[in-house]
Amino acid sequence: MTAINAVTDLTLDGEVAVITLNSPPVNALSAAVRQGLFEGFKAAIADPAAKAIVLICEGRTFIAGADITEFGSAMADPQLADVQDMMESSTKPVVAAIHGTVLGGGLEVALCAHYRVAVPSAKFGLPEVNLGLLPGAGGTQRLPRVVGPERALEMMTSGRHVPAKEALSGGLTDELVEEGKLKEGAIAFARKVAAENRPLTKIRDQNAKVEAARGKPEIFADFRKANARKFRGFLAPEYNIKCIEAAVNLPFDEGMKVERKLFNELMAGSQSAAQRYTFFAERQAQKIPGIADDTPLIPIKKVGVIGAGTMGGGIAMNFANAGIPVVIVEQKQEPLDKGLAIIRKNYERTASRGGITAAQVEERCALITGSLSMEESFADLDLVIEAVFERMDIKKDIFAKLDAICKPGAILATNTSGLNIDEIASVTKRPESVIGLHFFSPANVMKLLEIVRADHTSDSVIATSMKLAKQIGKTAVLVGVCPGFVGNRILGQRQREAQKLVMEGAMPWDIDRVLYDFGFPMGPFAMSDLAGLDIGWVKEKSNGESIRDVLCEADRRGQKTGAGYYDYDENRNAKPSPFTEKVINDFIVKSGANPRKISDEEILERCIFPMINEGVKILEEKKAIRSSDIDVVWQNGYGWPVYRGGPMWYGDQVGPDKVLAKMQEFQAKMGDAFKPSPLLEKLVADGKKFSDL
Ligand code: 3H9
């Protein structure tokens with residue numbers, strides 16, 4: 001065995017040279033890896049004893065892409081293209097041996113091998129789009145030549161990880177070898193290729209699939225049209241599409257020039273910077289200072305949920321999806337049956353769209369059982385999540401019961417969206433087992449899970465909750481107890497300003513438009529119409545005191561009644577409503593205010609800057625660990641556009657000094673709702689950024 005460098009070895013197995021990379025955690029294409037590959041291939045090609053070359057990786061995966069930490073600075077030589085040229089032009093067959101996730105630059109390297117073999121569990125993808133990028137090492141030109149432009153469009157604009165079986169049928173891999181026997185399989189394959197004198201296939205020269213699509217611009221036009229809503233605001237999907245068009249319409253080398261130009265543009269732009277930041281922010285959020293990696297975890301084998309409503313049902317589905325049995329408790333049979341029926345319907349809808357199989361519907365439904373008695377069903381559970389009405393007295397009553405029923409060590413969680421969890425924990429004799437698990441509606445869909453640490457929550461309960469979140473596919477952020485926790489507390493700022501702006505002369509659709517154009521999926525008033533204006537509204541107590549009261553009294557309770565802030569046609573298309581406008585104007589007249597024309601800029605700053613200020617207060621009070629955690633919350637729970645990073649990242653792009661100056665200006669005009677946090681003032685005085693917090 002020859003050590004090429006610290007991360008690369010070269011061995012000879014009979015007549016097959018084996019280059020082995022070992023650069024944890026994911027064999028990313030760092031400078032050392034590129035150098036190891038370059039020198040390794042050079043040596044293997046020069047070795048007269050080697051008739052074929054296998055590239056294989058140690059650890060959990062084949063190369064998972066370029067080293068994202070290197071982006072933004074000049075890359076040291078050798079460049080990736082040098083490595084790829086050497087592989088592709090090798091006079092001996094090169095075989096990539098693939099396991100784990102072969103992603104981005106990793107797949108682009110594998111596509112420069114003459115052959116690929118993989119284990120059945122391997123996954124293939126070009127996920128650069130999720131980093132606001134496009135594959136910049138020939139992937140945009142090679143992938144369409146292998147799988148055809150249509151499949152390449154889907155893969156590159158979604159970043160989807162394609163399972164090995166599909167990769168085999170699509171031509172991405174030449175053979176599947178037995179799981180756990182990749183090295184032997186790859187060497188045997190390489191030997192066969194050499195013995196049979198098979199051609200040294202270069203994907204760059206395989207033009208049949210791209211040529212077949214030439215002169216068919218509708219492939220791209222249709223794809224753009226079908227995905228317009230999904231891609232709104234993002235640059236990278238369109239840039240990826242343009243590269244595939246180039247692959248279809250231009251010779252390989254010309255296509256490569258288009259790829260390089262567009263890659264560089266994206267890399268230099270603000271969207272990719274925000275999306276790369278997001279990648280690391282989400283991983284950072286998993287790290288909890290003060291909680292050791294070896295903190296003992298509580299095995300979670302069976303879960304209980306209290307409440308079969310929309311929230312409870314959605315929560316239960318998360319666990320069933322991960323194969324964990326759940327028992328849902330309700331007080332009465334009817335709501336229990338209704339809740340279980342809705343769960344089944346949800347699964348059946350997913351199956352009808354091809355998301356899961358009919359057998360999976362049955363498996364998952366079988367994992368969710370119902371009960372009318374906590375006493376009978378909860379004694380042996382490892383985790384119970386309460387998801388009932390937001391009333392402190394009810395929650396306390398439930399937790400006192402859980403304390404008496406549940407086994408020692410079981411985690412007792414509340415799904416409250418803002419009540420004081422320390423108070424809830426105080427009714428138990430085991431506050432160390434109590435935690436907040438705040439799911440977002442619909443709980444089976446939304447990625448965010450706010451994990452709320454109360455005063456006495458144990459490290460073990462926190463560590464277990466973080467791990468469990470990953471297991472059920474959630475993006476978890478650890479936050480502290482305060483009204484509304486992190487997400488809703490910040491939302492409160494925006495909601496307040498949106499309501500105030502309406503009383504100053506902006507119409508709901510003006511505000512919604514500004515926030516929609518900023519990149520949110522919808523504005524606050526469209527959101528209210530969708531959720532229902534009557535959430536928390538009590539008909540008997542309504543006395544026309546607010547705009548909402550008047551709208552609800554007129555049976556304008558949102559989309560479900562065909563009208564709310566907006567009017568809706570039969571296809572649920574929203575139109576500004578003269579009725580709502582009159583209601584608002586009547587309120588303005590009654591209040592004696594002078595409506596004025598409010599600029600889009602003011603709407604945006606009034607809605608967003610107080611959110612950033614609140615984020616700083618949250619950090620000041622240590623209710624979030626780091627500024628990027630707040631961004632993770634807002635992206636995953638509230639539709640903050642990914643390409644704008646999150647409120648705190650956005651604040652840094654605007655400039656903390658500008659945010660402060662505006663808050664001071666607003667405070668002088670409109671009062672202390674805009675009072676800047678002392679930490680914001682200090683941040684600006686120290687010349688620091690939000691990301692330093
Ligand atoms: C690209 O390839 C551009 C080219 O087209 C053009 C070049 C010219 N770089 O996610 P995990 C770290 S763009 C650096 O928790 P998992 C990650 O930060 C790239 N670091 O594990 C974490 O570090 P820490 C295209 C990376 O098992 C640790 O590895 N490729 C990279 O849940 C473990 O990560 C991608 O976009 C990287 N590329 O998932 C793939 N990847 O422990 C990005 C990971 O210090 N990666 N790290 O927090 C992934 O999707 C997942 O990490 C993967 C493993 C599925 C591989």
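Nothing here was measured: the structure is a model prediction, and the numbers come from that model.

Undergrad: Would you mind going over the pattern of salt bridges with me for this structure?
TA: Here the idea is simple: oppositely charged side chains can pair when their charged atoms come close. Under the criterion given, the structure shown has 48 salt bridges. Its salt-bridge partner being Arg557, residue Asp534 comes within 2.9 Å of it at the nearest N-O pair. Linking Asp534 in the loop between helix H22 (524-531) and helix H23 (547-553) with Arg557 in the loop between H23 and strand S19 (566-568), this pair joins segments that are 23 residues apart in sequence. For Arg557, a relative accessible area of 23% puts it in the partly exposed group. Residue Glu665 is joined to Lys662 by a salt bridge in which the shortest nitrogen-to-oxygen separation is 3.3 Å. In this pair, Glu665 and Lys662 are both assigned in helix H28 (residues 656-670), 3 residues apart and thus about one turn of the helix distant. Accessibility expressed as a relative area gives 32% for Glu665, which makes it partly exposed.

Undergrad: It is not clear to me how the domain arrangement of the protein chain should be interpreted in this structure. Could you clarify?
TA: Quite often, the size of an interface is put as the accessible area lost when its parts meet. For the protein chain, the assigned domains are domain 1 (2-268), domain 2 (303-484), domain 3 (506-591) and domain 4 (600-622 + 625-692). Averaged C-alpha coordinates put domain 1 and domain 2 at centres separated by 42 Å.

Undergrad: Honestly, the environment of Pro149 in this entry has me stumped. Any pointers?
TA: Counting through the fold element by element, Pro149 comes out in helix H5 (residues 149-158). Taking relative accessible area as the criterion, Pro149 reaches 1% and is therefore assigned buried. Other than its neighbours up to four places away in sequence, Pro149 contacts Pro144, Lys209, Ala213, Ile244 and Val248.

Undergrad: Which parts of the structure should I look at to understand the site of the ligand?
TA: In the vicinity of the ligand there are 25 residues, among which Arg60, Glu108, Glu128, Arg283 and Lys287 approach most closely. Within the contact set of the ligand, an oxygen atom lies 2.5 Å away from a side-chain nitrogen or oxygen of Arg60. Separating a nitrogen atom of the ligand from a backbone N or O atom of Ile68 is a distance of 2.9 Å. Looking at the shell around the ligand, the elements that each hand over two or more residues are strand S6 (101-103), helix H3 (105-110) and helix H12 (270-284). For the shell around the ligand, the leading source of residues is H12, giving 3 residues. For the shell around the ligand, a count of residues per class yields 13 nonpolar, 5 polar and 7 charged.

Undergrad: I would appreciate a short explanation of the environment of Phe280 in the present structure.
TA: Along the chain, the position of Phe280 falls in helix H12. Along the backbone, Phe280 and Met503 are 223 residues apart, and their C-alpha atoms lie at a distance of 41 Å. Ignoring sequence-local partners within four residues, the contact set of Phe280 consists of Ile68 and Thr69.

Undergrad: What's the story with the packing of aromatic side chains in this structure? I'm lost.
TA: Two numbers describe a pair of aromatic rings. These are the distance of the centres and the angle of the planes. Counting across every chain of the model gives 18 aromatic pairs. On the basis of an interplanar angle of 85° and a centroid distance of 5.4 Å, the ring pair of Phe520 and Trp640 is categorised as edge-to-face. With Phe520 in the loop between helix H21 (508-518) and H22 and Trp640 in the loop between helix H26 (627-637) and helix H27 (647-654), this pair connects stretches of sequence that are 120 residues apart. Like Trp640, Phe520 is buried. Ring geometry for Phe525 and Tyr565: centres 4.9 Å apart, planes at 75°, overall edge-to-face. In this pair, Phe525 sits in helix H22 while Tyr565 sits in the loop between H23 and S19, placing the two residues 40 residues apart along the sequence. Like Phe525, the residue Tyr565 is buried in the burial classification. Three or more aromatic residues link up through ring pairs in this structure, and these residues are Phe440, Phe518, Phe520, Trp634, Tyr638, Trp640 and Tyr650. It is Lys590 that lies over the ring of Phe587; its NZ or CZ is 4.7 Å from the centre. Across from the ring centre of Phe518, 4.3 Å away, lies the NZ or CZ of Arg644, which sits over that ring.

Undergrad: Please clarify how the environment of Pro325 should be interpreted in this entry.
TA: Topologically, Pro325 is positioned in the loop between helix H13 (310-321) and strand S12 (326-329). Taking relative accessible area as the criterion, Pro325 reaches 26% and is therefore assigned partly exposed. With 47 residues separating them in the primary sequence, Pro325 and Leu372 have C-alpha atoms 17 Å apart. With sequence-adjacent residues up to four places away left out, Pro325 is seen in contact with Lys301, Lys302, Val303 and Leu367.

Undergrad: Please explain the nonpolar core as it appears in this structure.
TA: General note: in soluble globular proteins, nonpolar side chains tend to be found buried as a group. Within the largest apolar cluster, 88 residues are counted, with the highest numbers of intra-cluster contacts made by Phe378, Leu402, Ile511, Ile608 and Trp634. In terms of residues, this core owes the most to one element, helix H25 (residues 600-620), which gives 10 residues. Excluding residues within four positions of it along the chain, Trp634 makes contact with Gly487, Ile490, Leu491, Arg494, Phe520, Met611, Gly639, Trp640 and Pro647. Ranked by size, the runner-up nonpolar core spans 74 residues in total, among them Val7, Leu21, Ile56 and Leu80.

Undergrad: What am I meant to see in the state of the cysteines here?
TA: A complete count under the given rule lists 0 disulfides for this structure. Here Cys243 stays free of any disulfide, with the sulfur of Cys112 as its closest cysteine sulfur at 16 Å. By relative accessible area, Cys243 is classed as buried at 0%.

Rules of the game
Residues numbered from 1 in each chain as written. Predicted model: local features only at pLDDT ≥ 70, side-chain atom pairs only at ≥ 80, totals over all residues. Heavy atoms only, no water. Salt bridge = Lys/Arg side-chain N within 4 Å of Asp/Glu carboxyl O. Helix = DSSP H or I, 4+ residues; strand = E, 2+ residues; numbered from the N terminus. Buried < 20%, exposed > 50% of the residue type's maximum accessible area, 1.4 Å probe, protein only. Domains from an automatic or database assignment. Contact = heavy atoms within 4.5 Å. Near = heavy atom within 4 Å. Polar contact = N/O pair within 3.5 Å; in protein donor to acceptor, adjacent residues only side chain to side chain. Nonpolar A, V, L, I, M, F, W, Y, C, P; charged D, E, K, R; others polar. Phe/Tyr/Trp six-rings, centres within 6.5 Å; stacked < 30°, edge-to-face > 60°. Lys NZ or Arg CZ within 6 Å of the ring centre and 35° of its normal. Core = buried A, V, L, I, M, F, W, Y, C linked by side-chain atoms within 4.5 Å. Disulfide = S-S within 2.5 Å.

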